[in-house]
Every structure is written in structure tokens, then in C-alpha cells.
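Next come the chains, spelled out residue by residue.
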There are 2 protein chains.
Amino acid sequence: MSAGLPISEIGALVGDPGRANMLSALFDGRALTASELAWSGGVAASTASEHLAKLVAGGLISVAKQGRHRYFRLASPEIARMLESMMVVANNADPAEPRRRATPRIAPNLRRARTCYDHLAGQLGVGIADRLVAQDIVVLGDEAGELTQSGLAWLERFGIAAEPSGRTRRLLCRPCLDWSERRPHLAGRLGAALCRRCGELGWIERERDSRAVLVTPSGLRGFAEVFGLSLA
Amino acid sequence: MSAGLPISEIGALVGDPGRANMLSALFDGRALTASELAWSGGVAASTASEHLAKLVAGGLISVAKQGRHRYFRLASPEIARMLESMMVVANNADPAEPRRRATPRIAPNLRRARTCYDHLAGQLGVGIADRLVAQDIVVLGDEAGELTQSGLAWLERFGIAAEPSGRTRRLLCRPCLDWSERRPHLAGRLGAALCRRCGELGWIERERDSRAVLVTPSGLRGFAEVFGLSLA
DNA sequence: CTGATGCTTCGGCCAGGACCGAAGCATCAG
DNA sequence: CTGATGCTTCGGTCCTGGCCGAAGCATCAG
């Protein structure tokens with residue numbers, strides 16, 4: 001019911017480097033403790049505490065206390081969507097300027113495979129998207145993607161059941177510009193389902209305290225057999 | 001190719017009230033002069049000039065000089081998408097806090113009908129969306145909408161041809177949370193096409209120097225006949 | 001109980017940046 | 001040419017807000 005914040009408040013919340021780094025760290029949908037976020041933000045614990053209080057007050061993140069830890073997470077998928085759209089703009093912006101001090105370097109394991117909110121990103125995510133398009137399982141556009149008829153069958157063989165209802169609750173398939181690869185990977189319900197299924201199959205494991213995803217030995221075989229991906 | 005700006009820079013650009021107001025003024029896709037934007041931002045011309053320079057440097061807006069005027073517009077549809085997603089977050093955020101000084105009051109004509117980037121918003125926009133859903137012309141979800149079979153025929157009768165190709169270049173139909181009505185209206189290619197067609201029919205006219213849209217007398221009849229809308 | 005750990009509050013420092021008015025250019029009208 | 005208008009640059013003021021360290025609470029381990 002409330003009239004909501006002015007849009008500038010939202011911008012200002014994301015506009016501080018420390019807070020932006022914290023939000024980026026939360027972007028994969030996991031809950032992190034205040035200490036972890038202080039480290040992500042590159043600030044002292046006291047400063048981080050102030051930042052986190054503002055983010056909570058602004059409704060961008062929510063908090064759950066558990067023992068002597070406080071776990072913070074993004075407050076809603078809308079927040080993740082907003083951050084994503086801001087990343088898209090940030091990546092396209094300002095082609096002339098010499099970079100001030102952009103992301104210094106991408107850790108190789110992050111570049112290899114990581115999560116992006118609830119789906120797979122990095123070389124793995126982009127590779128999967130490429131193969132699904134090449135095999136005519138999905139047709140991908142600028143803002144949305146569609147599952148082909150044969151794609152539906154393929155998915156069931158892979159162990160992902162067709163959605164029962166809620167046909168438009170959340171977009172089935174959406175391209176998401178990959179931050180490190182600069183090419184789209186799959187988001188939306190399909191992206192999340194693929195990520196979940198790969199976890200069930202034991203093909204991937206999430207690393208502690210990081211968005212990085214580890215491909216298991218059986219995953220190496222699986223991605224090669226099913227997707228034709230050779231993950232160097 | 002460039003690594004792009006850090007996301008915090010983007011946030012900071014939107015994070016100033018003056019700049020945010022200017023961007024909101026540009027949100028309907030039109031080009032405005034520096035003076036007009038100074039007024040929108042509620043700052044002196046000199047201050048506005050500095051803000052505009054920053055927005056241009058950050059790639060959020062582009063400029064075209066024409067005589068002794070300089071016309072500014074949003075640099076790309078991605079920017080509009082980003083602003084929209086930020087508005088969604090702003091509207092949902094912070095249900096507790098007493099509003100600091102939100103948008104003081106919505107001008108009645110803006111509330112009645114206005115443009116939102118390239119489609120219709122306000123009571124008119126929401127009303128159209130309601131009717132199209134009620135008449136089973138579109139099915140609307142949280143993130144996307146679909147045109148029904150009968151809807152396709154209806155659209156052709158209304159004078160909107162089926163899209164020839166580019167089936168997924170831009171999302172056909174997308175709900176967009178209406179800022180004043182707090183309910184969705186239609187965006188995407190369909191929203192833009194409807195807005196354009198209503199203009200062709202002479203049902204609506206854009207007001208000068210404002211996002212407000214005027215419903216003409218023939219528009220009053222048209223909206224009543226075709227959509228069953230009585231626009232008080 | 002005592003001590004360690006996680007987090008927040010407090011006090012104080014400091015820089016960035018938002019702001020304005022006046023002056024300086026550019027463009028157009030006459 | 002002169003004067004009006006649109007916009008930017010410059011100089012200077014002011015204050016918000018980010019930052020830290022130290023101290024204060026809470027929670028858990030022993």
C-alpha cells in the first residue's frame with residue numbers, strides 16, 4: 001500500500017561501492033553472514049553493519065538471525081532482476097573511458113562455472129545455452145526464449161518434467177547476459193530447473209563462501225555425453 | 001568490448017534526486033532540452049548542466065545538439081528497462097517507514113493517461129490491459145503475456161498486423177507495473193503497437209512538455225466502443 | 001562462571017559532491 | 001553590428017555520508 005521510496009533512494013543504496021559489492025555477493029541467492037559481507041564489501045565490520053542496516057531498511061535485503069550469526073539475503077527476485085538490469089547497463093556503458101578500476105580480474109574458477117541467482121553462468125552456463133540452441137531445444141531471442149516441441153521431449157528425458165500449470169507465473173526461458181563471457185546463458189524457470197537437475201545428478205557442487213560451482217568427475221562425463229561439452 | 005562501469009557507478013548516477021527526476025522525465029522516450037530537464041530536476045541550470053554531463057559520460061543518456069538547444073534522451077531501451085525495474089523495487093520497498101517526501105501528488109491528467117516509454121499507462125493503460133484480459137485477447141502473467149488465438153484476429157481487426165518475423169527480438173507482451181495505479185498495464189511490442197495505433201486513429205494526442213496523453217473526443221467514443229471503457 | 005566470537009553503536013574524522021550565482025561562449029534574431 | 005536566449009564553466013560554500021577504532025551487547029563454548 002505504501003507509496004514506496006523515491007527511485008533515487010534505490011539508486012543511492014546501490015550507488016555505494018561497498019554496498020554494491022555486498023549486493024553482488026548476494027546475487028546468487030544465497031544467504032551470507034554479516035562478516036562475510038563485510039569482507040565482500042571490502043570494509044570494516046562496523047561499516048558493513050551500517051550498510052546492511054540501510055539495505056534492510058530500504059527493503060533490498062532481508063535478514064534472519066540464527067544463533068550469533070545474522071544471515072542476509074536478497075529480499076525478492078525483483079531485486080535480483082533489478083541488479084541484473086543494472087549490470088547489463090554497466091557492461092554496455094561508457095565504451096570510451098579508460099577503466100577506473102573495474103573488476104580487477106576474474107577468478108578462473110568463477111569464470112569456469114558459477115551460479116547467477118538460481119541458474120548456471122560462466123563458461124559452463126554459456127556452453128549449455130549454446131548447445132541447447134544448436135540442438136534446437138530452445139529458440140533464444142533478446143528478451144525471451146521458447147522451448148521447441150522436440151525440446152520438451154528432450155527435457156523429460158533429461159529428468160525435467162513439464163511444468164504442470166502456472167504457465168506464466170515466471171518467464172519460462174530468458175537470456176541473461178553473462179558477466180564474464182559477454183554472451184547469454186539461460187535464466188528463467190528453465191535455467192533454474194537445469195541448475196537444480198545438474199545438482200541432483202551430482203554433476204556440480206557449490207563451493208563454500210563463493211558463487212563458484214565445481215564440476216564433479218561424473219559431471220565432466222555427463223556434460224560431455226549429454227551436451228557435447230568438453231570442459232577443459 | 002570495454003569492461004564497463006562498476007555497477008555502483010550506475011547506482012550513484014541514479015542515486016541523486018535531481019538526476020533521478022531528470023531520468024524519470026526522459027522515461028517516456030522523448031528528447032528534452034537542458035532547460036526543461038533543469039526544471040524537471042528542480043535545480044538551477046548550472047547544476048543541471050553538470051548532472052547531464054555526468055549522465056552522458058556514464059552512457060545513460062545521449063545528446064543531440066540542434067541550433068542553440070541540446071536535446072537529451074535515454075541512450076537505449078536497456079536504460080528504460082533498468083529504470084522500470086528500479087521503479088518496481090521502489091514501489092514495493094519499505095512498507096513500514098513513513099514516507100520522507102515521496103512524489104507529492106500525481107497530476108490528474110498524468111494519472112488519467114500518459115506514456116511509459118513507448119506504451120500507454122495511467123488509468124487508460126490499466127483499463128485497456130484489464131479489458132484485453134477480460135475479453136481473453138491476452139493472457140497476462142507476472143513476467144510475460146501471451147496473445148490468444150482469438151486475440152490475434154481481434155488485433156488484425158483493430159488494425160495491428162501480426163508481426164512478420166523477429167518473433168523474439170523484443171518480448172511481444174509484458175506487464176509493466178503502473179506507477180500511479182499500482183496495477184499492470186501492457187508493455188512490450190504489443191503495448192507499443194497499441195499506443196501507435198491509437199495515435200493513428202486520432203484517439204490520443206501527446207501533450208507538449210509532459211508525459212501526459214490527451215484523449216480526443218473521437219478517442220472517447222472509440223475506447224468506449226472497442227474496449228467498453230468509459231473515461232470519466 | 002570466563003573468555004571467545006559475531007555483530008552493532010558511538011564518536012570523530014574527512015572528502016566528495018551537490019548546490020548556486022556570476023561570468024563566459026555559442027547561437028540566433030534583428 | 002547589438003542584444004536576447006540557451007547552455008556551460010568557474011569559484012566558493014556547505015553538508016551528507018562513508019570510514020575507522022574502541023567500546024558495548026548478545027551468544028556460544030568451556
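All of these numbers come straight from a predicted model, not from anything done at the bench.

Novice: Looking at this structure, how should I read helix H1 (residues 7-14) of chain B?
Specialist: Helical geometry note: an α-helix holds 3.6 residues per turn, so side chains three or four residues apart project in the same direction. Here H1(B) lies mainly inside the structure; 6 of its 8 residues are buried. Residues of H1(B) that are buried sit in contact with helix H1 (7-14), helix H2 (17-26) and helix H5 (77-92) of chain A together with helix H2 (17-26), helix H4 (45-57) and helix H5 (77-92) of chain B.

Novice: Whenever I open this one, the pattern of salt bridges confuses me. Can you help?
Specialist: Any two side chains of opposite charge can pair, given that their charged atoms come close. Residues and elements named next belong to chain A. Applying the stated rule across the entire model yields 2 salt bridges over all chains. For Arg 197, the salt bridge is made with Glu 200, and the minimal N-O distance between the two is 3.0 Å. On the criterion of helical spacing, the pair formed by Arg 197 and Glu 200 is a turn pair, its members being 3 residues apart in helix H9 (residues 188-200).

Novice: So what exactly am I meant to see when it comes to the protein's contact with DNA strand C here?
Specialist: Taken together, the neighbourhood of DNA strand C is formed by 21 residues, with Ser35(A), Ser49(A), Arg70(A), His51(B) and Lys54(B) sitting nearest. Protein-adjacent atoms of DNA strand C, using a 4 Å cutoff, are sugar or phosphate at a proportion of 70%. Taking Asp16(B), its side chain carries an N or O atom lying 3.4 Å from a sugar or linking oxygen of DNA strand C. Note that a phosphate oxygen of DNA strand C is positioned 2.5 Å from one of the side-chain N or O atoms of His51(B).

Novice: Would you mind showing me how to read the side chain of Ser85(A) here?
Specialist: Note on placement: Ser85(A) falls in helix H5. In terms of polar contacts, Ser85(A) uses its side chain to reach the side chain of Ser85(B), at 2.9 Å. With sequence-adjacent residues up to four places away left out, Ser85(A) is seen in contact with Met82(B) and Ser85(B).

Novice: Can you walk me through the protein's contact with DNA strand D in this structure?
Specialist: Among the 21 residues in the neighbourhood of DNA strand D, the closest are listed as His51(A), Lys54(A), Ser35(B), Ser49(B) and Arg70(B). Here the atoms of DNA strand D within 4 Å of the protein split so that 68% fall in sugar or phosphate, with bases taking the remainder. Between DNA strand D and the protein, one listed contact pairs a phosphate oxygen with a backbone N or O atom of Ala34(B) at 3.4 Å. Contributing elements (two or more residues each) for the surface near DNA strand D: helix H4 (45-57) of chain A together with helix H3 (34-41), H4 and strand E3 (69-74) of chain B. Looking at the surface near DNA strand D element by element, the count peaks at 5 residues for H4(A).

Novice: Got a minute to help me understand the sheet that holds strand E2 (residues 61-66) of chain A in this structure?
Specialist: What holds strands together in a sheet is hydrogen bonding between their backbones, with the strands either parallel or antiparallel. Residue and element names in this part refer to chain A. Taken in spatial order, the 3 strands line up as E1-E3-E2 in an open sheet, and their pairing is antiparallel. Single-partner strands in this sheet number two, and they are strand E1 (32-33) and E2. Two elements, E1 and strand E3 (residues 69-74), share 2 bridges in a ladder whose sense is antiparallel. Directly across from Thr 33, in E3, lies its bridge partner Tyr 71.

Novice: Explanation requested: the environment of Val226(B) in the structure shown.
Specialist: All names here are of chain B. On the secondary structure map, Val 226 appears in helix H10 (residues 217-227). Through-space distance from the C-alpha of Val 226 to that of Ile 128 is 9.9 Å; in sequence the pair is 98 residues apart. Filtering out sequence-adjacent residues up to four positions away, Val 226 remains in contact with Gln 135, Trp 154, Phe 158 and Trp 203.

Novice: Is there a simple way to think about the environment of Thr148(B) in this case?
Specialist: Residues and elements named next belong to chain B. Within the fold, Thr 148 resides in the loop between strand E7 (145-147) and helix H8 (149-158). Residues Thr 148 and Asp 136, spaced 12 residues apart in sequence, show a C-alpha to C-alpha distance of 6.9 Å. Each residue touching Thr 148, except ones within four places of it in the same chain, is listed here: Asp 136, Ile 137, Val 138 and Val 139. Within the local environment of Thr 148, its side chain forms a polar contact with the backbone oxygen of Asp 136, the two atoms lying 2.7 Å apart. Within the structure, Thr 148 has its side chain in polar contact with the backbone nitrogen of Gly 151 (distance 2.9 Å).

Novice: Even after reading the chapter, I still don't get the packing of aromatic side chains, so can you show me in this structure?
Specialist: What characterises a pair of aromatic rings is the spacing of the ring centres plus the angle enclosed by the ring planes. Residues and elements named next belong to chain A. Using the criterion set out here, one finds 12 aromatic pairs over all chains in the structure. Taking 5.0 Å as the distance between ring centres and 70° as the angle between the ring planes, the aromatic pair formed by Trp 203 and Phe 223 counts as edge-to-face. Of this pair, Trp 203 sits in the loop between H9 and strand E10 (204-206) while Phe 223 sits in helix H10 (residues 217-227), placing them 20 residues apart in sequence. Assessed through its relative accessible area of 9%, Trp 203 is described here as buried. Phe 223 sits in the buried class, given a relative accessible area of 0%.

Novice: I would appreciate a short explanation of unusual backbone geometry in the present structure.
Specialist: Apart from glycine, the bulk of residues carry a negative phi angle, and the bulk of peptide bonds sit in the trans form. One non-glycine residue, Asp136(A), adopts positive backbone phi at about 60°. Looking at where Asp136(A) falls in the secondary structure, it is placed in the loop between helix H7 (122-134) and strand E6 (138-140).

Novice: Even after reading the chapter, I still don't get the pairing of E3(A), so can you show me in this structure?
Specialist: Regular strands place their side chains on alternate faces of the sheet. Residue and element names in this part refer to chain A. As paired strands, E2 and E3 are joined by 6 bridges and run antiparallel to one another. Within E3, the position partnered with Ser 62 by the bridge is Arg 73. Linking E2 back to E3 in an antiparallel pair, the connection comprises 2 residues, with Gly 67 at a positive phi of about 60°.

Novice: How should the sheet that holds E3(B) be read in this particular structure?
Specialist: Residue and element names in this part refer to chain B. As summarised here, the arrangement of the 3 strands in space is E1-E3-E2, forming an open sheet in which the pairing is antiparallel. Only two strands of the sheet have a single partner each, and these edge strands are strand E1 (32-33) and strand E2 (61-66). Against the sheet, H2 engages E1, E2 and E3, with an angle of about 85° to E3.

Conventions adopted
Residues numbered from 1 in each chain as written. Chains lettered and ligands numbered in written order. Predicted model: local features only at pLDDT ≥ 70, side-chain atom pairs only at ≥ 80, totals over all residues. Heavy atoms only, no water. Buried < 20%, exposed > 50% of the residue type's maximum accessible area, 1.4 Å probe, protein only. Helix = DSSP H or I, 4+ residues; strand = E, 2+ residues; numbered from the N terminus. Contact = heavy atoms within 4.5 Å. Salt bridge = Lys/Arg side-chain N within 4 Å of Asp/Glu carboxyl O. Near = heavy atom within 4 Å. Polar contact = N/O pair within 3.5 Å; in protein donor to acceptor, adjacent residues only side chain to side chain. Pairing = 2+ DSSP bridges. Phe/Tyr/Trp six-rings, centres within 6.5 Å; stacked < 30°, edge-to-face > 60°. Axes fitted to C-alpha atoms, helices over the stretch in contact; angles between N-to-C directions.

From the geometry alone we can't say anything about function, so treat these as descriptive.
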